[in-house]
Amino acid sequence: KVFPPIIYKPGSEPEEAKLQNASKQIVQNAILRAVQQVSQESQQKEERTTISKSRLQLGVGKLTKKHEKK
């Protein structure tokens, strides 16, 4: 069945279109927030890993020096 095109007055957006646009905006905002959160968590994890590696290297350095003194 073919429906005739619906003609709206310029400037008056139909309710359905308003709802669709609002829904799209909500989804886009949610996706953006999720991406930012994942990015932030990833960055924090990377920083913790870097700190852990630094501490590990310092610990290895201390062990090496103790063995050299003997």
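All of the points below concern the structure found in this document.

Conventions adopted
Residues numbered from 1 in each chain as written. Predicted model: local features only at pLDDT ≥ 70, side-chain atom pairs only at ≥ 80, totals over all residues. Heavy atoms only, no water. Helix = DSSP H or I, 4+ residues; strand = E, 2+ residues; numbered from the N terminus. Buried < 20%, exposed > 50% of the residue type's maximum accessible area, 1.4 Å probe, protein only. Areas by Shrake-Rupley, 256 points an atom, 1.4 Å probe, with all protein chains shown as cover. Patch = residues over 30% accessible without salt bridge, like charges linked within 9 Å, V, L, I, M, F, W, Y side chains within 5 Å. Salt bridge = Lys/Arg side-chain N within 4 Å of Asp/Glu carboxyl O.

## Observations concerning the overall build of the chain
Counting its regular elements, the chain contains one helix and zero strands. Put simply, the chain has 70 residues, and 0% of those count as buried. Surface summary for the chain: the accessible area is close to 7200 Å², and the carbon and sulfur share equals 59%.

## A look at a nonpolar patch on the surface
A grouping of Val27, Ile31 and Val35 is seen on the molecular surface, where their side chains present a nonpolar patch of about 270 Å² in accessible area. Position of valine 35 among the secondary structure elements: in helix 1 (residues 15–69).

## Details of the pattern of salt bridges
Going through the model one piece at a time under the given rule, you end up with one salt bridge. Across the salt bridge formed by lysine 18 and glutamate 15, the nearest N and O atoms sit 3.8 Å from each other. One end of the pair is lysine 18 and the other is glutamate 15, both in helix 1 and three residues apart, which spans about a single turn. Looking at lysine 18, the relative accessible area reads 42%, which means it is partly exposed.

So, to be careful, I would describe these as geometric facts and stop short of saying anything about function.
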